[in-house]
Amino acid sequence: MRRLPPLLLLLSAACQPLPHPFAGNVPQAAMLSPRDSAGIYVAPVAGAPTPIAGDLAEAMAAALRDADIPASTRGRNKGSYELRGAASEQQLPGGRVAISVDWELRAADGRSLGHAPSAAEQAAAGWPTSDTVAPEIAAVASPAIRRLVQDDPPLAAAEADPAVSLRPVTGAPGDGGRALTRAMENALRRARTVLAAPGSDAPSFVLAGTVTMSPGEAGQQRVQVSWALLRGDGGEIGRVSQENAVPAGSLDGAWGDVAYAVATAAAPGVLALIERGKAQAAAGS
């Protein structure tokens, strides 16, 4: 997984200070490092020749990132899932050949979580070039792998629990807007937060994420991720800010596991703001 320097976490509230432990100084947190439970490590595919074994793994990791699942072929941590593929060839009528890969996802403790088969056909025997077969094989299997690690669906809205509408994150380079939005949505779901249905007319709260990047200078850029919690009428309850310097251009492409790490680190502060908003609403302020 990519490891970038930590961001400093700051919280501010619009009306009153947030309760402990978010009041006062907040220590540094690993905002741009993958949390131990995040991410899928994709191993080179067994049974495929070099370099296609690695190209198949890279294509699968890219397909998973496109589906907002953090995935990498370059490293893992103690909580990473592991995805391994086993490739084989099969002769078909008319001289065609089927290239098949059986993908198996394993938890960090080695337990098998399931399989996802994929295949692609070619006109002649022998392994094709990786740029023709790898993306096709990855595209077939990646939806099934995503389902194996998918979070629980959001809870249905209840009268006692105010709904939060999550706006798409703006200002991020690369695929950061989509990746951060999806990652924060998953973090809120894991915390059993009720999310407003898309297009909801009157959510209780709105969470708006914004990314600001400074120009590259001396090989570094400052990145700030700000999460503002708003009332339904647009008034701000407070915000969570994450900021630090990162290598210039390092966030211009796929954010992958970085987005999940940022959202996971910011989520406790966002939840504290939601509780503050609920308290304000109950008090009629």
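Residues numbered from 1 in each chain as written. Predicted model: local features only at pLDDT ≥ 70, side-chain atom pairs only at ≥ 80, totals over all residues. Heavy atoms only, no water.

Let's talk about the overall build of the chain
Spelled out, the test is: In this description a helix means any DSSP run of H or I spanning at least four residues, a strand means any run of E spanning at least two, and both kinds are numbered starting from the N terminus. Accessibility here uses a 1.4 Å probe with only protein chains present; expressed as a share of the type maximum, an area under 20% marks a residue as buried, one over 50% as exposed, and anything in between as partly exposed. For this analysis, residues touch if any pair of their heavy atoms sits within 4.5 Å. In this description, accessible areas are obtained by the Shrake-Rupley approach with a 1.4 Å probe, and a residue is regarded as covered only by the protein chains that are shown.
Looking only at helices and strands, the chain features 4 helices and 10 strands. Counting helices and strands in the order they occur from the N terminus, the chain gives β-β-α-β-β-β-β-α-β-α-β-β-β-α. For the chain, the proportion of its 285 residues judged to be buried stands at 47%. Put simply, of all contacts in the chain between residues at least 6 apart along the chain, 67% involve residues at least 24 apart. On the chain, roughly 13300 Å² of surface is accessible, and the fraction owed to carbon and sulfur atoms is 53%.

Some remarks on the sheet that holds strand β4 (residues 81-91)
To keep it simple, the criterion reads: At least two bridges found by DSSP between two strands is the condition for calling them paired.
One open sheet accounts for 5 strands, arranged β3-β2-β4-β5-β6; its pairing is mixed. Both outer strands of the open sheet, β3 (71-72) and β6 (112-122), are each paired with one neighbouring strand and no more. Across 10 bridges, strand β5 (residues 97-106) lies against β6 in antiparallel orientation. Paired with Ala98 across the bridge in β6 is Glu121.

Some remarks on the side chain of Thr73
Condition: As used in this structure description, the phrase polar contact means that two N or O atoms lie within 3.5 Å; if the pair is within protein, one of them must be able to donate a hydrogen and the other to accept it, and residues adjacent in sequence are counted only when both atoms belong to side chains.
Looking at the element boundaries, Thr73 is found in the loop between β3 and β4. In this structure the side chain of Thr73 is engaged in a polar contact, spanning 2.7 Å, whose partner is the side chain of Glu58. Other than its neighbours up to four places away in sequence, Thr73 contacts Tyr41, Val42, Ala57, Glu58 and Ala61.

A look at the environment of Gly85
By secondary structure assignment, the location of Gly85 is in strand β4. Distance in space between the C-alpha atoms of Gly85 and Ala53 is 9.0 Å, their sequence separation being 32 residues.

A look at the pairing of strand β10 (residues 236-247)
In this structure, strand β9 (residues 220-231) lies alongside β10, joined through 11 bridges in antiparallel fashion. Across the sheet, the residue bridging to Trp227 is Val240, located in β10. Linkage of β9 to β10, two consecutive antiparallel strands, is achieved through a turn of 4 residues, within which Gly234 is found at a positive phi near 100 degrees.

Some details on the nonpolar core
Worth spelling out the cut-off: To define a nonpolar core, start from buried Ala, Val, Leu, Ile, Met, Phe, Trp, Tyr and Cys residues and group those joined through side-chain atoms within 4.5 Å.
With 64 residues, the main nonpolar core has Ile40, Val42, Trp103, Met184 and Trp227 as its most contacted residues. Of all the elements, helix α4 (residues 257-283) adds the most residues to this core, at 10 residues. Excluding anything up to four places from it in sequence, Met184 contacts Leu166, Leu207, Trp227, Ala263, Ala266, Ala267 and Val270.

Details of helix α1 (residues 52-66)
One turn of an α-helix holds 3.6 residues; hence residues three or four places apart share an orientation. Selection criterion: The span expected for a helix works out to 1.5 Å for each residue beyond the first.
Over its 15 residues, α1 extends 21 Å from the first C-alpha to the last, a length consistent with the 21 Å expected when each residue adds 1.5 Å. By the burial criterion, the buried members of α1 are Ile52, Ala53, Leu56, Ala57, Ala59, Met60, Ala61, Ala63 and Leu64. One or two steps after α1, the chain reaches Asp68, where phi turns positive at roughly 65 degrees.

Focus on α4
End to end, α4 covers 39 Å across 27 residues, agreeing with the expected 39 Å (1.5 Å per residue, within 8%). In the stretch just after α4, Gly284 is the one whose phi turns positive, near 75 degrees.

Comments concerning the side chain of Gln242
Looking at where Gln242 falls in the secondary structure, it is placed in strand β10. A relative accessible area of 0% places Gln242 in the buried class. Separated by 3.1 Å, the side chain of Gln242 and the backbone oxygen of Val262 make a polar contact.

A short note on the packing of helix α3 (residues 176-190) against α4
As a reminder, the rule being used: The angle between two axes is taken between their N-to-C directions and runs from 0 to 180 degrees, where each axis is a line fitted to C-alpha atoms and a helix contributes only its stretch in contact. With respect to orientation, any angle under 35 degrees is reported as roughly parallel, any angle over 145 as roughly antiparallel, any angle of 65 to 115 as roughly perpendicular, and every other angle as oblique. The crossing is said to be left-handed when, going from far helix to near helix, the turn is anticlockwise and less than a right angle, and right-handed when the turn is clockwise. Polarity classes work like this: nonpolar for Ala, Val, Leu, Ile, Met, Phe, Trp, Tyr, Cys and Pro, charged for Asp, Glu, Lys and Arg, and polar for all others, with Gly in that last group.
Where α3 meets α4, the closest approach of the two axes is 8 Å, and the angle between their N-to-C directions is 50 degrees. When the axis of α3 is compared with that of α4, the two are oblique. In this structure, α3 meets α4 at a crossing whose hand is right-handed. On α4, the residues that touch Ala179, Leu180, Arg182, Ala183, Met184, Asn186, Ala187, Leu188 and Arg190 of α3 are Ala259, Tyr260, Val262, Ala263, Thr264, Ala266, Ala267, Val270 and Leu271. Partitioned by chemical class, the residues of the contact of α3 with α4 number 14 nonpolar, 2 polar and 2 charged.

Observations regarding the confidence of the model for the chain
Worth spelling out the cut-off: One number per residue, pLDDT, summarises how confident the predictor is, and it ranges from 0 to 100.
Of all residues in the chain, 78% have pLDDT values of 70 or greater, and the mean over the chain is 76. Within the chain, the element-level pLDDT minimum falls on strand β1 (residues 8-13), averaging 47, and the maximum on strand β8 (residues 205-213), averaging 94. Every residue in residues 1-6 is under pLDDT 50, and counting partners more than four places away or in other chains gives 39 contacts. Across residues 11-37, where pLDDT falls below 50, the model places 68 contacts with residues more than four positions away in sequence or in other chains.

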